[in-house]
Amino acid sequence: MNYTAKMLRDDALKGKNIVVTGGGSGLGKSMTKYFLELGAQVAITSRNLDKLKNTAKELEEATGGTCLPVQCDVRHYDQVEAMRDQVLASFGSVDILLNNAAGNFIAPTERLSANAFDTIIDIVLKGTKNCTLAFGKYWIDTKYTNTNVLNIVTTYAWTGSSYVVPSATAKAGVLALTRSLAVEWAKYGMRFNAIAPGPFPTKGAWDRLFPEELKDKFDMTKQVPLRRVGDHQELANLAAYLVSDFAAYVNGEVVTIDGGEWLQGAGQFNLFQDIPEHMWDQLEAMIKAKGKK
Ligand code: COA
């Protein structure tokens, strides 16, 4: 099975101008690369302009596309508006916003300062709100239609999760924002969707979240029914489809791509997968014997 193949036809995003927040590295970079390969022009944003410039150069060389690096801390609305205006000045229009920038601290909540908690809420929830408002209001004011916003959430947006409470809280808000505006702003020709990715290893976030000593202890593949982590191209395929016109009737959806990870944690009897085959024989015999009494 070749799950790393590229899914859409070559010109699927031709003529589309896309903004990817946090596009300088990790999953944002992988999605940006595929959007460029599909013919889109892409602006990537983050706080670190040098990193963005390197990424933009690398991706332009690899794809032959146009990638614009724009410095922006999504926590600050004035910076987001300035970023939007810079992209508009270069591209002329923006069709798609991918709210991908995120931050996360894995820690017992009582060890987090109020400022640490705020930092994650500000990047994830406020940052997504800032970008959504800046582009959404602009699209409404200019009557520019056939636009869409794709938000990156997580499966613990609806289950919650210990040790990543600021992130869970913020992502739950992003999910609510996605579903609310999918209805409210549909009349302005906007679609809103989200992706909830499971484990897709990235250099920066994973090294930060799982330092070397913890990597062996927490083998993420064991939590996934399909027994593997995701490949970046699989996520890029889904993102490209959702932002493309092929998904014109998909609105307000959150698509989980996690190999079944969250459901494995949720199903009451899923732990039974650890029972070996021979023990099932014994259990069956025991239960049948009881039934005959
Ligand atoms: N655990 C707990 N608290 C932490 C922390 C950690 N690993 N790292 C920083 N903090 C605290 C700081 O002590 C500070 O609180 P204080 O002022 O009360 O001391 C607060 O969080 C803000 O820290 P600071 O370093 O000033 O934040 P920043 O705004 O410069 O950067 C991030 C925060 C999240 C952007 C940065 O850590 C980062 O770039 N992370 C990589 C992106 C990422 O996390 N990706 C994962 C995506 S899921």
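Structure first, text after, so check above.
Residues numbered from 1 in each chain as written. Predicted model: local features only at pLDDT ≥ 70, side-chain atom pairs only at ≥ 80, totals over all residues. Heavy atoms only, no water.

**Student:** Quick rundown of the sheet that holds strand β2 (residues 41-46)? Include the residues and the values.
**Tutor:** Read from one edge of the open sheet, 7 strands run β3-β2-β1-β4-β5-β6-β7, paired in parallel fashion. Of all the strands in the sheet, just β3 (67-71) and β7 (254-257) have a single pairing partner and so form its edges. Strand-to-strand twist of the sheet, defined as the mean angle between neighbouring strand axes without regard to direction, takes the value 20 degrees. Pairing geometry for strand β5 (residues 147-152) and strand β6 (residues 190-197), over 6 bridges, is parallel. Note on β6: the bridge partner recorded for Asn151 is Ala194. (Pairing = 2+ DSSP bridges. Helix = DSSP H or I, 4+ residues; strand = E, 2+ residues; numbered from the N terminus. Axes fitted to C-alpha atoms, helices over the stretch in contact; angles between N-to-C directions.)

**Student:** Requested: an account of the site of the ligand, with residues and values cited.
**Tutor:** Looking at the ligand, there are 14 residues lining it, with Arg47, Arg75, Asn104, Ser113 and Asn115 nearest. Asn104 places a polar main-chain atom, nitrogen or oxygen, 3.2 Å from an oxygen atom of the ligand. When isolated, the ligand has an accessible area of 950 Å², and the protein chains bury 54% of it. Of all the secondary structure elements, the ones that give two or more residues to the shell around the ligand are α4 (114-142) and α7 (203-209). Of the residues forming the shell around the ligand, the biggest block, 4 residues, is contributed by α4. (Near = heavy atom within 4 Å. Polar contact = N/O pair within 3.5 Å; in protein donor to acceptor, adjacent residues only side chain to side chain. Areas by Shrake-Rupley, 256 points an atom, 1.4 Å probe, with all protein chains shown as cover.)

**Student:** Got a sec to walk through unusual backbone geometry? Specific residues and values, please.
**Tutor:** With phi around 55 degrees, Asn146 is a residue other than glycine that occupies positive phi space. Here Asn146 is to be found in the loop between α4 and β5. Phi is positive for Tyr163, which is not a glycine, with a value near 70 degrees. One can find Tyr163 in the loop between α5 (156-159) and α6 (165-184).

**Student:** How would you sum up the state of the cysteines? Please name residues and give values.
**Tutor:** In total, this model carries 0 disulfides according to the counting rule given. Counting only cysteine sulfurs, Cys72 is the nearest neighbor of Cys67, a cysteine outside any disulfide, at a range of 15 Å. The class of Cys67 is buried, set by a relative accessible area of 4%. Among the cysteines around Cys131, which has no disulfide bond, Cys72 carries the closest sulfur, lying 5.8 Å off. (Disulfide = S-S within 2.5 Å. Buried < 20%, exposed > 50% of the residue type's maximum accessible area, 1.4 Å probe, protein only.)

**Student:** Now, about the nonpolar core: what can you tell me, with residues and values included?
**Tutor:** With 34 residues, the main nonpolar core has Leu13, Ile18, Met31, Phe35, Val42 and Ile195 as its most contacted residues. Where this core is concerned, the elements lending two or more residues are β1 (17-21), α1 (26-37), β2, α2 (49-63), β4 (96-99), β5 and α9 (232-243). Considering every element that reaches this core, the biggest residue donor is α9, with 7 residues. Leu68, Ala101, Ile123 and Phe135 belong to the second-largest nonpolar core, a separate cluster that totals 25 residues. (Core = buried A, V, L, I, M, F, W, Y, C linked by side-chain atoms within 4.5 Å.)

**Student:** Summarise the pattern of salt bridges; cite the residues concerned and give the values.
**Tutor:** Two side chains with opposite charge may pair up if their charged atoms get near one another. For the coordinates displayed, the defined rule picks out 10 salt bridges. A salt bridge links Asp73 to Arg75; its shortest N-O distance comes to 3.0 Å. For the pair Asp73 and Arg75, a shared accessibility class is recorded, and that class is buried. Across the salt bridge formed by Lys288 and Glu284, the nearest N and O atoms sit 2.8 Å from each other. Linking Lys288 with Glu284, this pair stays in helix α11 (residues 277-292), spanning 4 residues, or about one helical turn. Each of Lys6, Lys33 and Glu37 takes part in a single network of salt bridges with overlapping partners. (Salt bridge = Lys/Arg side-chain N within 4 Å of Asp/Glu carboxyl O.)

**Student:** A description of the pairing of β3 should follow, citing residues and the corresponding values.
**Tutor:** The pairing of β2 with β3 spans 5 bridges and is classified as parallel. Paired with Thr45 across the two strands is Val70, which belongs to β3. In this fold, β2 hands off to α2, which returns the chain to β3; that crossover is right-handed. (Right-handed = clockwise from strand over helix to strand, strands pointing away.)

**Student:** Could you give an account of the packing of aromatic side chains, with specific residues and numbers?
**Tutor:** In total, this model carries 5 aromatic pairs according to the counting rule given. Where Trp185 meets Phe192, the ring centres are 6.1 Å apart and the plane angle is 50 degrees; that geometry is what we call tilted. The class for Phe192 is buried, based on a relative accessible area of 1%. Between the aromatic rings of Phe269 and Phe272, the centroid separation amounts to 5.3 Å while the plane-to-plane angle is 90 degrees, which identifies the pairing as edge-to-face. A relative accessible area of 39% places Phe272 in the partly exposed class. Through successive ring pairs, a cluster of aromatic residues spans Phe269, Phe272 and Trp280. Sitting above the plane of the Tyr3 ring, Arg228 keeps its charged end 3.5 Å from the centroid. (Phe/Tyr/Trp six-rings, centres within 6.5 Å; stacked < 30°, edge-to-face > 60°. Lys NZ or Arg CZ within 6 Å of the ring centre and 35° of its normal.)

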